[in-house]
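# Summary of the model geometry
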Amino acid sequence: MTKHELDAAGIRDPHLRAAYTWCRGLNARHGRTYFLATRMLTAPQRPAVHALYGFARWLDDIVDEPDPAATPRSLAARLSEVEGRFRADLASGTSTDPLLRAVIDTAARYELEEHLFRAFLTSMRMDLSVTGYATRDDLDVYVHGSAEVIGLQVLPILGAVTHREEAAPRAAALGKAFQLTNFLRDVAEDFARGRVYLPADELKVHDVDRDRLAWCAEHGRADAPVRAAIRDQIAVTRRIYAEARPGIAMLHPVSRPCVATAATLYGEILDRIEDAGHDVFARRVRVTRRRRLGVACGAFARSQWARRRHPAPAPPAAVS
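To start, this report covers the structure provided alongside it. (Residues numbered from 1 in each chain as written. Predicted model: local features only at pLDDT ≥ 70, side-chain atom pairs only at ≥ 80, totals over all residues. Heavy atoms only, no water.)

## What about helix α9 (residues 164-185)?
Given 3.6 residues to a turn, an α-helix orients residues that are three or four positions apart in the same direction. In plain terms, the rule: For the purposes of this entry, the term helix denotes a DSSP run of H or I that reaches at least four residues, the term strand denotes a run of E that reaches at least two, and both are numbered from the N terminus. Expected helix span is taken as 1.5 Å per residue step, with the number of steps being one fewer than the number of residues. Partly exposed residues are those whose accessible area sits between 20% and 50% of the maximum for their type, while under 20% is buried and over 50% is exposed, using a 1.4 Å probe and protein chains only.
Taking 1.5 Å of rise per residue, the 22 residues of α9 would be expected to cover 32 Å, and the 31 Å separating its terminal C-alpha atoms lies within 8% of that figure. Burial runs high along α9: 17 of the 22 residues are buried.

Put into structure tokens, the structure is as follows:
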């Protein structure tokens, strides 16, 4: 975290400054597209966005990158321990843990409701026992906590030109579209962990089940039915992007280039899957660094123009 960003956000306490700096480093290392998009935000907005990313990444890693000796029971106990500590620290208004200290400060500054964090923790716990989803409705329960609430948490930081209640469904939809894009890109990786984040009934239309996915994983390529199923899943995901996109215009003008950049780059992951013939087992697709930088440069210019025309959202007052 740069001194300029922390000063602009009114973060003076040295312990808080260190906590936010740690979150920024985590985002820069692991969330390349996400971090690049945050560079479009104003300096006062960035620390809070990095804190929320750090919290989500930390919990996700507990589940997806566990110690080799960990068991589902021990991981469930760890998540319960984290949730108990977080809720207690949230009630007290601070924490001795650096990451939680930054998240709790962000939650207080932007008046983020506790149920959003509870929903995220619920989805993380689901990953310890749920390995597949029978229907779209079942998957939507998981995606609400793992992704939609992230959009709802970030919305007050971005600011809106409409009532928050009007912008909220669009923000949730964009978080959902990002998550579904990740699921499609990471089919092979998730299957190696024993999980399938695609509705089983929709896969069944193409005669795709776990046995067929196992064959694709073993041979390192997707067969024709799996490719057809992925094609249909991309169509569903594109419809959710279309539902979310009008929400960008509802945001504060200085925040729009950031969100538009993330939407463009995440949407292009779907393009890369299509370019690969819908084969999500041969390799993990990615948007090239050159393309990411090209999109970001244009967005950065738009963000500077927006800042000259519109006063940036004022950072919330520090919590005493």
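## Things to note about the environment of V49
Applied cut-off: Contacts are assigned to residue pairs with any non-hydrogen atoms lying within 4.5 Å of each other.
Following the sequence through the fold, V49 ends up in helix α4 (residues 46-64). The class for V49 is buried, based on a relative accessible area of 2%. Taking the C-alpha atoms as reference points, V49 and G10, 39 residues apart in sequence, are found 15 Å from one another. When near neighbours in sequence (up to four residues on either side) are disregarded, V49 contacts Y34, T38, L41 and I157.

## Considerations on the pattern of salt bridges
Worth spelling out the cut-off: Salt bridges are identified by distance alone: a Lys or Arg side-chain nitrogen within 4 Å of an Asp or Glu carboxyl oxygen.
Enumeration according to the criterion identifies 31 salt bridges in this entry. In this structure, R193 engages E189 in a salt bridge whose closest nitrogen and oxygen atoms are separated by 3.2 Å. On the basis of relative accessibility, which here comes to 30%, the residue R193 falls in the partly exposed class.

## Here's the deal with the environment of A107
Position of A107 among the secondary structure elements: in helix α6 (residues 98-110). The exposure class of A107 is buried, given its relative accessible area of 4%. Along the primary structure A107 and V49 are separated by 58 residues, whereas in three dimensions their C-alpha atoms are 11 Å apart. Ignoring anything within four residues of it in the chain, the contact list for A107 reads L90, L112 and F117.

## A look at the packing of α9 against helix α13 (residues 224-244)
Just so we agree on the cut-off: Axes here mean lines fitted to C-alpha atoms, for a helix over just the part in contact, with angles spanning 0 to 180 degrees between N-to-C directions. If an angle is under 35 degrees, it is roughly parallel; if it is over 145, roughly antiparallel; if it lies from 65 to 115, roughly perpendicular; otherwise it is oblique. We call a crossing left-handed when the near helix sits turned anticlockwise from the far one by less than a right angle, and right-handed when that turn is clockwise. Gly falls in the polar group here, along with every residue not listed as nonpolar (Ala, Val, Leu, Ile, Met, Phe, Trp, Tyr, Cys, Pro) or charged (Asp, Glu, Lys, Arg).
Contact geometry of α9 with α13 gives a least axis separation of 8 Å together with a crossing angle of 160°. The angle between α9 and α13 falls in the class roughly antiparallel. With respect to the hand of their crossing, α9 and α13 are arranged in left-handed fashion. On the side of α9, the interface is formed by R170, A173, L174, K176, A177, F178, L180, T181 and L184, while α13 contributes I230, Q233, I234, T237, I240, Y241, E243 and A244. Taken together, the residues of the contact of α9 with α13 break down into eleven nonpolar, three polar and three charged.

## Notes on the packing of aromatic side chains
To keep things clear, this is the line we draw: Stacked, tilted and edge-to-face are the three classes assigned to paired rings of Phe, Tyr and Trp, where Trp is represented by its six-membered ring and a pair needs centres within 6.5 Å; plane angles under 30 degrees give stacked, over 60 edge-to-face, the rest tilted.
Overall, the coordinates contain twelve aromatic pairs when judged by the stated rule. Consider the rings of Y142 and F183, whose centres lie 6.3 Å apart with planes at 35°: the pair is tilted. Linking Y142 in helix α8 (residues 136-158) with F183 in helix α9, this pair joins segments that are 41 residues apart in sequence. What makes Y142 buried here is its relative accessible area of 3%. For F183, a relative accessible area of 6% puts it in the buried group.

## Observations concerning α4
Helix length check: α4, at 19 residues, gives a terminal C-alpha distance of 26 Å against a target of 27 Å (1.5 Å per residue), a fit within 8%. Summarising burial for α4: 15 of the 19 residues are buried, a large majority.

## Describing the state of the cysteines
Under the convention used in this document: By disulfide we mean two sulfur atoms from cysteines, separated by a distance within 2.5 Å.
Tallying each qualifying case throughout the model produces zero disulfides. The thiol of C258 is not disulfide-bonded; the next cysteine sulfur, from C297, is found 15 Å away. Judged by its relative accessible area of 8%, C258 is buried.

## A look at unusual backbone geometry
Despite not being glycine, E111 shows a phi value in the positive range, around 55°. Looking at the secondary structure, you find E111 in the loop between α6 and α7 (114-126). With a relative accessible area of 67%, E111 lands in the exposed category. With phi around 60°, D207 is a residue other than glycine that occupies positive phi space.

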